[in-house]
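# Remarks on the overall topology
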Amino acid sequence: MDEKNISRAVIRRLPRYYRYLGELLEEGVERISSNELSSKMHVTASQIRQDLNNFGGFGQQGYGYNVPYLYTEIGKILGLDHMHHMIIIGAGNLGQALANYVQFEKRGFMVVGIFDINPVLKGISIRGNEIRMMNELPEFLRTNDVQIAALTLPKSNAAETAKILVENGIKAIWNFAHLDLSVPEDVIVENVHLSESLMRLSYNLNRYVTEHKK
């Protein structure tokens, strides 16, 4: 299997499969057909089969998919079969909200540090993590096994902070700053632009309203 040939659209759907399968597990469902999964996810059964065939298929004709097995295998594909240590840079409202989100740990993401430049926040504990100052960041990264950094700070500080992260070994950045980061090719950046998401929602709402006025 050459994962380089797997489309970004397929990869974007994998977390949805994982989430829905987790819900099925909680309901005690042991197996499900692609048609049944299609009705839940609003993705065609053919698309589901094509997506999963990228990774080996997992289904059996006449049986469908074994829910616990498929859930576990997709978790492995997503890298959720081991714990990822994560830090948060920026302890404002968004940063604190992320630090308080308990579902991260259930999905294999452990927040191990929170950093900010505001001395008023120093030492405040959020779910067991005391907020540290940014001058402590390089030493913290050198002495702790951290794989992911979430940037929830103003864009004016994002580029400089990303440079510090990269220089100290961070290979994955979850970027909430409104800035496209310039990083080496071996550093992975996942951009989360909340305003863009809201604008897409506005576009779809506007289109819906326009169509129903006709």
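So, a few notes on the structure that sits alongside this text. (Residues numbered from 1 in each chain as written. Predicted model: local features only at pLDDT ≥ 70, side-chain atom pairs only at ≥ 80, totals over all residues. Heavy atoms only, no water.)

## Here we look at helix H8 (residues 155-167)
For H8, with 13 residues, the first-to-last C-alpha span of 19 Å sits near the 18 Å given by 1.5 Å per residue. For H8, every residue scored as buried is listed here: Ala-158, Thr-161, Ala-162 and Leu-165. As for H8, its buried residues are in contact with strand S3 (84-89), helix H7 (137-143), strand S7 (148-151) and strand S8 (172-175). With its phi angle positive at about 95°, Gly-169 sits one or two positions after the end of H8. (Helix = DSSP H or I, 4+ residues; strand = E, 2+ residues; numbered from the N terminus. Expected span 1.5 Å × (residues − 1). Buried < 20%, exposed > 50% of the residue type's maximum accessible area, 1.4 Å probe, protein only. Contact = heavy atoms within 4.5 Å.)

## Side note on the layout of surface pockets
Considering only enclosed or pocket space, the largest pocket measures out at about 1,800 Å³ in volume. Contributing to the lining of the largest pocket are 31 residues, with Pro-15, Leu-78, Phe-109, Trp-174 and Glu-190 lying nearest its centre. Secondary-structure elements contributing two or more residues to the lining of the largest pocket are helix H1 (8-26), S3, helix H6 (103-106), S8 and strand S9 (188-191). The class makeup of the residues in the lining of the largest pocket is 20 nonpolar, four polar and seven charged. Empty space within the second largest pocket amounts to approximately 230 Å³. Lining the second largest pocket are 15 residues, with Ile-117, Met-134, Leu-153, Asn-157 and Thr-161 sitting closest to its centre. For the lining of the second largest pocket, the secondary-structure elements that each account for two or more residues are strand S4 (109-116) and H8. (1 Å grid on protein atoms, 1.4 Å probe; cavity = no way out; pocket = protein on both sides within 12 Å on 5 of 7 lines; lining within 4 Å. Points joined across faces, edges and corners; volume = space filled by probe spheres on them. Nonpolar A, V, L, I, M, F, W, Y, C, P; charged D, E, K, R; others polar.)

## Here we look at the sheet that holds S4
Strand order in this open sheet of seven strands is S5-S6-S4-S3-S7-S8-S9, and the pairing throughout is mixed. The strands lining the two open edges of the sheet, one partner per strand, are strand S5 (125-126) and S9. Sheet topology note: the S5/strand S6 (residues 129-133) ladder contains two bridges and is antiparallel. Directly across from Ile-126, in S6, lies its bridge partner Asn-129. On top of the sheet, H8 reaches S3, S7 and S8; it is set at about 170° to S7, its chief contact. (Pairing = 2+ DSSP bridges. Axes fitted to C-alpha atoms, helices over the stretch in contact; angles between N-to-C directions.)

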